[in-house]
Amino acid sequence: MAIRGDERILLIAGTREGLYLYESTCEREAWTCRTVSLPNHEISHAILDPRDARTIWAAATGEGHTSVYRSIDLGATWGMAGEPFDCDAIWHVEPGHASQPGRVYVGVKPAALYVSDDHGANWTSMDGLNRHASREEWWEGGAGLILHTIVTNQHDPNDLMVAISVAGVFRSSDGGVSWQPSNEGTLSMAEAWTSGFGNASARHPGVHRCVHKVVRSPRDPAVLVQQNHDGVYRSDDHGASWVDIADGIRDRFGFVIGATRDGSVYVVPQDMGQVRFSGQRTVYRMRDGTTTWDSLTTGLPEVDNLTLYREGMATDNCDPGGVYFGTCEGDIYGTRDGGETWRRIASGMPPVLSVSCEHFTQMRADTRGDVAAVVLVHQELQSGFGERSRLGSQ
């Protein structure tokens with residue numbers, strides 16, 4: 001991959017208390033903390049919008065409300081995007097397709113999907129999913145009933161996927177108007193629905209899946225991988241069917257999963273009985289085209305009672321691919337050589353709930369002199385924004 005000399009990487013960590021932004025060159029030799037924002041807020045997830053590489057979206061709970069926040073200047077200033085949500089938490093925020101510059105999606109608890117087509121000023125319920133016939137058999141996992149994953153397809157704006165615990169993966173091929181369960185081949189927990197909840201039968205056998213996280217392969221949009229409550233699965237047909245690929249991992253349970261541009265898949269297992277993990281911290285890698293897992297430990301410490309949260313892994317677009325994960329102890333570990341070696345690149349934060357990564361290009365300050373002008377390496381899309389606020393850029 002050809003790297004521009006002015007291209008940089010932004011690593012965004014959402015924590016129990018605040019949002020931390022780190023940046024580096026594409027050599028990834030050193031990382032600096034760019035800013036700490038949104039104090040007194042729990043950040044479930046945050047992401048740099050790849051459509052303009054300057055807007056950051058954050059799902060935040062604090063100061064008496066749950067809201068989406070937006071910054072158009074790489075985290076220097078922040079404003080609330082629309083009104084607060086009437087929900088327990090916002091779990092995930094996802095920018096839309098490049099052809100839809102105003103579109104943003106959010107997933108919330110209790111499980112529901114919302115969309116905005118005006119840069120977050122107004123939010124609309126996507127009722128094709130939220131009122132799906134199978135909803136009567138969606139049920140709470142350990143964190144409640146949550147829509148925690150939204151997967152878009154950069155090649156097709158109508159191809160959408162979400163993941164709900166406990167319900168499973170749902171896919172739409174018409175931009176979110178209609179949805180179908182997409183769980184063939186994954187472990188069904190319908191028996192728990194009947195025996196554990198005292199129901200006579202499962203009327204919707206296509207759901208009842210406890211999916212923890214889904215990501216799309218940067219190498220092939222037809223390929224998706226998921227970390228499930230009981231296993232790791234791969235789909236080569238846009239999620240129509242799934243194959244269990246977990247053989248060789250020390251524990252089938254985990255939360256985080258990532259995929260790099262060469263097609264490699266990364267997971268970090270945790271103990272199913274305790275949810276946490278003690279012992280040698282290990283990342284597992286499956287290279288594209290293989291069926292075996294490599295155990296990666298160089299540079300990773302022994303740990304005691306450690307956990308990673310489902311939004312806690314991200315990858316960059318470099319070659320070899322960088323992989324990053326955050327921990328409940330407030331650390332971020334990363335690799336710049338495809339997992340062969342790891343090092344701690346950030347520490348001293350509150351528990352890290354989410355990690356995301358995106359490339360941007362830093363340019364000279366614009367003529368106003370108040371924000372840095374940035375451009376996306378591959379495209380530029382303009383977007384408007386309302387009144388700003390200075391919520392705690394420190």
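Everything quoted here is computed from the prediction, not taken from an experiment.

Draft legend 1. Seen up close, the sheet that holds strand 10 (residues 112–116). With antiparallel pairing, the four strands of this open sheet are ordered in space as 8-9-10-11. At either end of the open sheet lies a strand with only one pairing partner, and these are strand 8 (89–95) and strand 11 (124–125). Inspection of the sheet shows strand 10 paired to strand 11 by two bridges, in the antiparallel sense. The residue of strand 11 that forms the bridge with Val115 is Thr124.

Draft legend 2. Expanded view of the sheet that holds strand 5 (residues 56–62). Spatially, 4-5-6-7 is the arrangement adopted by the four strands of the open sheet, whose pairing is antiparallel. Each edge of the sheet is formed by a strand with only one pairing partner; in this case those strands are strand 4 (42–48) and strand 7 (79–80). Across two bridges, strand 6 (residues 65–71) lies against strand 7 in antiparallel orientation. Counted as the bridge partner of Arg70 is Gly79 from strand 7.

Draft legend 3. Local environment of the pairing of strand 6. The buried fraction of strand 6 is high, at six of seven residues. Of the strand pairs in this sheet, strand 5 and strand 6 are connected by seven bridges, and their pairing is antiparallel. Paired with Ile56 across the bridge in strand 6 is Ser71. In this structure, the hairpin formed by strand 5 and strand 6 is closed by a connection of two residues, where Glu63 is found at a positive phi of approximately 55°.

Procedures and definitions
Residues numbered from 1 in each chain as written. Predicted model: local features only at pLDDT ≥ 70, side-chain atom pairs only at ≥ 80, totals over all residues. Heavy atoms only, no water. Pairing = 2+ DSSP bridges. Helix = DSSP H or I, 4+ residues; strand = E, 2+ residues; numbered from the N terminus. Buried < 20%, exposed > 50% of the residue type's maximum accessible area, 1.4 Å probe, protein only.

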